[in-house]
Amino acid sequence: MVKKLFLLKLTLLVLLFPSLAQHTHTARIYGGQYSAARISNLRANCQKYDWARQQLNDAVTKAKPWLNKTDEALWAMVPGQDLPRTIDVAYDKFATGPKFVGCVVCGDKIFQYGNYPYNPDFENKPWKLTCPSCGSVFPTNDFGKYYQSALDEHGVFNPAKGDTSLLFNTDHPDPKDPLHKFGVDNGFGYVHNGRAYKYIGYYSWKYWRYIQGGLTTLANAFLYTGDQRYAHKAAILLDRIADVYPSMDWKPYADRGWYHSDGSTGRGKIEGSIWETGIVQGMADAYDKILSGTQNDPALYAFLKRQGQQYRLPNSKGTRELFVANVDEGILKTTFQAVLDQRIRGNQGMYQHTVALCALALNTEPLTTKWLDWLFAPDGGAIPELMINRFDRDGTSDEGAPGYAVIWGGHISPLAELLLSYPSYTNHNILRDFPQFKNVYTVAYRMAVLGKAIPNIGDAGSTGLVGIPNADPKFMAEGYLYTRDPAIAVAAYRANGYSSKGLGLDIFSRNPEAVNQEIKKLGEAAGPRPTGGYLMSGFGLAILESGKGTSGIALASNYGRTIHHAHSDMLNFDLFAFGHWLTPDLGYPEFATNIPNVTEWTRSTVSHNLVFANKRPQRAAWSGRTRLFKQVDGLGIVELDGKPAYPDLKEYSRTLLLVGGSGNNTADSNAYVVDIFSVKGGNDHVFSLHGPPGAVRTDGLQLQVQEKGTYAGTNIPKGTKAAGFPYGYSFLYNVEKDTNPPASFTIDWKAQPGYRGLTEKDNIHIRMHATTPSDDVSLADGDPPQNKPGNPRSLRYMLMHRAGTDLTSKFVSVLEPYRNQPFIKSVQRLDSGNEETISIRVEKMNGTIDYLLYNPSSKNGVQLANGIAMNGSIGYIEEKNKRTTKAILVNGTSLRYQQASLKSTGAIEGKVAKMYKGLGGEAWILVTSTSSIDKSVIGEQIVIETAGERDASYQIRSIKKEGTFTRIFCGPGTFVSKIKSGGTKKTGTTPDNTENYSYDFEEGAAFKIATHASWNSKN
Ligand SMILES: [Zn+2]
Ligand SMILES: [Zn+2]
């Protein structure tokens, strides 16, 4: 009876004091991310594999200095809220005068050491900053002593308690010495010429990171070794941080005008709200790692209890349960609340990742599930909106430059992977619910033409830079680990130099080299990357490729985002041949700010290979449209509609053909480009084109040197901000002009030695064969940004100008990249120039003649005097020794010449009857069509009519006949282009609230699938 009553009382107590209940239960042993199984696999792997043992040894070495610190010293390291912090010594939002003033002694010389020039030596020079430029050391007082004098009864720094007699320059102790107070900082800065130099504030910012780094190394050492001494030391830091973290607040320092990563919100905790995400990620991760090492450590809890009593701390201490409760409350729960209050925010993906790490470290229901669900809630982390509204089907974000566009995927994939490391949570799974997200792993590699060079689109790279930055094979291999998508494994293997070395090693797995072996097998079986080109309609990049190996040629045309780190460059192209960009983009501007040589030149329309229409630059847009993409052996075609860039024009489109060069040619190249740029409307069109840096030769032009000024006028000096003349014209100088040019002329650029590694021996050219009448043709120099390594001094631009009312221009040119000797003898137009159809005859030095017919509307047939007849859009005929050797017909019914006679059904056209409307990745379309659809369309693009913001062109993955309908699969992916704010349910992504979705296209829309027929002579 007595016993029963006691139990009842206890139950009541527990009900009344839930927080007490938590403490009376045994706290969890493991965090959610580092489970017993994962940890034991890791430790076992360190015994078996050299690479794993190496990681263990590194972890132990790094942790050594931290293990050697006493418990008391570690505990005392952690400062509180009132130790001031900032990321810039002299910046002051409220001060007048220059924004950044540099060093008190050497001034702006310190700027060459970057934005954060001081790197304190915490062990050997505590509380001191050394100028990396002049070596002067500040503050001059012994701040450490002052800090000690200011510690209050709870062991935290309280400026009101500091012994101010310690605030003097220790090299000049005599109060009469004029330097007695020079360089003295009490924590709020040394005031010099009206500016506070916050040496201690900057030091404290880095000091917190130093502590954080120590915590991380201790936690790693425990994870690898299981040696409890590391967990013990880490726990002391964590418990002490948990004591002070709830009171940490950046705002009082922001209010003083100090600087931090707060996105100008004034919010934050230890740091500004953006970087705080990283601070907490480190703390939560370390806690998760060491939790199992805090059992059976009476010395730890005795120490914490002693400290708690000595410093009169409000939280009781002395057991593991109390330690866990303190860190859960002080760090994890405090963080979640701070995220809700936006004191921890960061860019998209960063704060979501922070919350997920805290939820897993907490590993306690119902809160863990609640926090993870919050990530996907419309009024929470809103991940579905992020996945749809800000990403595209290729895995790029809404940024217009390759580097920036792939960053987000890199930020969010660790979050997706983190959720997968916690299998008990199944409500959401990014890679399962948004399967197209897996494209983030390979997107950078897929942007690289010939697998070698990512075009320098927008604020990316530099002029003519060749490389595949961001295409990290390890990241790709990780993608394979989590998706088991063979295509990702193959990309990783190829990007890793056709090797699996170091890829996909999963130390947490029982069989940590299994994935590595799979990548090896898949990579070897797949062989070399095929040459051929493809379309990335989400990012807006068309790649045409020809030839193999180093002699490969590729054409990259971009038609996607011209917002966010983009240039006004829709429909621009760059040509890659002989391992170099031959019509190079200027790349990353001088500074990513709004100064005329950035906004009016580097990012402008006229500095690109584009038509600059009506003296106005292009308007910013999400995307142009695909009209046609087709790559067959020996001929690549892309036709792109860039009307969103010039909405007031009737037509702004470009058709690019990459002709020839297929197969195993050992010759340097015989592939060339036909460029047809169509512009209708307005009264002024300037076609701008430039080659690589180097000498330029013209043939057929009579150029007069303009003695002074720029393309903007003889009286307008170089670099003048646009006023009364168009953007960019004043950046084109050394002008020569032909005011009565023939339609037909050539310009030859020879790439100069030194351009991206070219030597005297290289003799690489690009020659333009113009075929279009114009009012005037000018040559002028334009400068790439001069502060980027390897950028040329200048490039030579060709500017073909046409003026008139309601002008229609078709700039038709042939571009011939060659080494040593040209291979094209002549280029001739066979059409009158007044009709819609364009017919070109290209005669090569070896006697081969190519005929290219372009008939965009295909309304009327084409009949040439030599007998060539075509019903269709695009035709290509190759003739050798007066015999037809090759014929290709695209989107037509017939092409005839000599013995060649091609017949085809023409383009497949039809209507979308039904479409997949969810987010889940199924991406099917049910269609009716005029001609039958068979398996030959697999791999082709289905181009769907759209009034939406995004291009609606998709690669066909598979098809299925369903009565009179055909079901076309374009996945994995979704056609939802936008989720209106608050548009998803709190849990689950299917079934969807489809009324809140906008789509790439609508049911009932027309579509087109390109077809082709080809013919080769036997010989
Ligand atoms: Zn200095
Ligand atoms: Zn550009």
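Residues numbered from 1 in each chain as written. Chains lettered and ligands numbered in written order. Predicted model: local features only at pLDDT ≥ 70, side-chain atom pairs only at ≥ 80, totals over all residues. Heavy atoms only, no water.

The chain has the name Heparinase II/III-family protein in an unreviewed UniProt entry, where Niabella pedocola is given as its organism. Per UniProt, the chain has the following entry under Subcellular location (unreviewed entry): "Cell envelope". (UniProt positions renumbered as here; feature names shortened; annotations may be inferred.)

We now examine the overall build of the chain. For the chain, the count of helices and strands is 22 helices and 40 strands. In summary, the chain has a C-alpha radius of gyration of 33 Å against a globular reference of 31 Å for 1019 residues, a match within 12%. Its C-alpha atoms give the chain principal-axis dimensions of about 110 × 80 × 50 Å. Across the 1019 residues that make up the chain, the buried fraction comes to 58%. Counting contacts in the chain only where the partners sit at least 6 residues apart, residues at least 24 apart contribute 67% of the total. Of the accessible surface of the chain, which amounts to about 40900 Å², a share of 51% is contributed by carbon and sulfur atoms. Once the 110 positive and 98 negative side-chain charges of the chain are each reduced to a mean point, those two points are 3 Å apart. (Helix = DSSP H or I, 4+ residues; strand = E, 2+ residues; numbered from the N terminus. Rg over C-alpha atoms; globule rule 2.2 N^0.38 Å. Buried < 20%, exposed > 50% of the residue type's maximum accessible area, 1.4 Å probe, protein only. Contact = heavy atoms within 4.5 Å. Areas by Shrake-Rupley, 256 points an atom, 1.4 Å probe, with all protein chains shown as cover. Lys, Arg positive; Asp, Glu negative; His and termini not counted. Charge placed at Lys NZ, Arg CZ, Asp CG, Glu CD.)

Moving on, we come to the coordination of the zinc ion (ligand 1). Looking at the zinc ion (ligand 1), the protein donor atoms are Cys-103 (SG), Cys-106 (SG), Cys-131 (SG) and Cys-134 (SG), and they sit 2.3 Å from it. In this structure, the zinc ion (ligand 1) is coordinated by 4 donor atoms arranged in tetrahedral fashion, with angles at the metal of 105 to 113 degrees. In the primary structure, the donors to the zinc ion (ligand 1) are separated according to the pattern C-x2-C-x24-C-x2-C. For Cys-134, a relative accessible area of 35% gives the class partly exposed. (Donors = N, O, S within 2.8 Å, 3.2 Å for Na, K, Ca; no water. Tetrahedral: all angles 85-135°; square planar, octahedral: opposite > 155°, others 65-115°.)

In this section: the coordination of the zinc ion (ligand 2). With distances of 2.0 to 2.4 Å, the protein atoms coordinating the zinc ion (ligand 2) are His-567 (ND1), Asp-585 (OD), Asp-585 (OD) and His-608 (NE2). Considering all 4 donor atoms around the zinc ion (ligand 2), the spread of angles at the metal, 56 to 163 degrees, places the coordination shape in the irregular class. The sequence motif formed by the donor residues of the zinc ion (ligand 2) is H-x17-D-x22-H. With a gap of 41 residues between them, His-567 in the loop between strand S7 (553–558) and strand S8 (572–577) and His-608 in the loop between helix H22 (596–602) and strand S10 (611–613) connect regions that are remote in the sequence. Here His-567 falls in the buried class, since its relative accessible area comes to 0%. Note on His-608: relative accessible area 1%, which makes it buried.

Before going further, it helps to examine the sheet that holds strand S18 (residues 733–738). An order of S10-S15-S22-S21-S18-S17 is seen for the 6 strands of this open sheet, with the pairing classed as antiparallel. Unpaired on one side and paired on the other, S10 and strand S17 (704–705) mark the two borders of the sheet. Sheet analysis places S17 next to S18, joined by 2 bridges and oriented antiparallel. Pairing of Gln-704 across the sheet is with Lys-737, part of S18. (Pairing = 2+ DSSP bridges.)

The subject of this paragraph is the sheet that holds strand S5 (residues 533–536). With antiparallel pairing, 5 strands are arranged side by side in an open sheet as S5-S6-S7-S8-S9. Edge positions in the open sheet fall to S5 and strand S9 (580–581), since each of these has one partner strand only. Of the pairings in the sheet, the one linking S8 to S9 comprises 2 bridges and is antiparallel in character. Each residue of the ladder has a partner; that of Ala-577, found in S9, is His-580.

What follows concerns helix H4 (residues 50–67). For an α-helix, the turn length of 3.6 residues means that residues three or four places apart are oriented alike. The terminal C-alpha atoms of H4, which comprises 18 residues, lie 25 Å apart, in line with the 26 Å expected from a rise of 1.5 Å per residue. Every buried residue belonging to H4 is among Ala-52, Leu-56, Ala-59, Ala-63, Trp-66 and Leu-67, and all of these are buried. Structurally, H4 contributes buried residues whose contacts are with helix H3 (36–48), helix H5 (71–77), helix H7 (199–225) and helix H8 (228–244). (Expected span 1.5 Å × (residues − 1).)

This paragraph deals with the packing of aromatic side chains. Here a ring pair, both rings aromatic, is described through the centre-centre distance and the interplanar angle of the planes. Counted under the stated rule, the structure contains 56 aromatic pairs. Centroid distance Tyr-493 to Tyr-498: 6.3 Å. Interplanar angle 85 degrees. Geometry classified as edge-to-face. For Tyr-498, a relative accessible area of 38% translates into the label partly exposed. Among the aromatic residues, ring-to-ring pairing joins Trp-66, Phe-122, Trp-127, Phe-143, Tyr-146, Tyr-147, Phe-157, Tyr-203, Tyr-207 and Tyr-210 into one connected group. (Phe/Tyr/Trp six-rings, centres within 6.5 Å; stacked < 30°, edge-to-face > 60°.)

Below, the discussion takes up the confidence of the model for the chain. Put simply, the chain has an average pLDDT of 93, and 95% of its residues get 70 or more. Contacts of residues 1–24 to residues separated by more than four positions or lying in other chains number 5 contacts, the stretch itself having pLDDT below 50. The model gives residues 986–990 a pLDDT under 50, and that stretch makes 13 contacts with residues more than four places away or in other chains. (pLDDT = per-residue confidence, 0-100.)

For soluble globular proteins, the rule of thumb is that nonpolar side chains tend to be buried together. Counting 246 residues, the largest nonpolar core has Phe-323, Ile-430, Phe-437, Met-798, Ile-942 and Ile-944 as the members making the most contacts within it. Considering every element that reaches this core, the biggest residue donor is H7, with 14 residues. Those residues within four positions of Phe-437 in sequence are excluded, and the remaining contacts are Met-387, Phe-391, Gly-409, Ile-412, Ser-413, Ala-416, Ile-430 and Leu-431. Listed in part, the 25 residues of the second largest apolar core include Ile-676, Val-827, Ile-838 and Leu-852. (Core = buried A, V, L, I, M, F, W, Y, C linked by side-chain atoms within 4.5 Å.)

Here we come to the pattern of salt bridges. Inspection of every chain in the model, using the stated rule, returns 43 salt bridges. Linking Asp-1000 and Arg-393 is a salt bridge whose minimum nitrogen-to-oxygen distance equals 3.0 Å. With Asp-1000 in the loop between strand S38 (997–999) and strand S39 (1006–1009) and Arg-393 in the loop between helix H15 (383–389) and helix H16 (402–420), this residue pair connects regions lying 607 residues apart in the sequence. Asp-1000 gets classed as buried once you look at its relative accessible area, which sits at 4%. Classification of Arg-393 by relative accessible area gives buried; the value is 19%. Look at the salt bridges and you will find they share partners, linking Asp-239, Arg-240, Asp-243 and Lys-317 into a network. (Salt bridge = Lys/Arg side-chain N within 4 Å of Asp/Glu carboxyl O.)

Further remarks concern the pairing of strand S28 (residues 869–880). Counting buried positions over the 12 residues of S28 gives 10, a clear majority of the element. The pairing of strand S27 (residues 862–863) with S28 spans 2 bridges and is antiparallel. Residue pairing across strands places Val-862 opposite Met-870, the latter belonging to S28. With antiparallel pairing between neighbouring strands as the criterion, S27 and S28 make up a hairpin whose turn holds 5 residues, including Gly-867 at a positive phi of roughly 110 degrees. The sheet contact formed by S28 and strand S29 (residues 883–897) spans 11 bridges and is antiparallel. Paired with Asn-871 across the bridge in S29 is Ser-894. Hairpin connection, S28 to S29: the antiparallel pair is bridged by 2 residues, and Asn-881 has positive phi, about 50 degrees.

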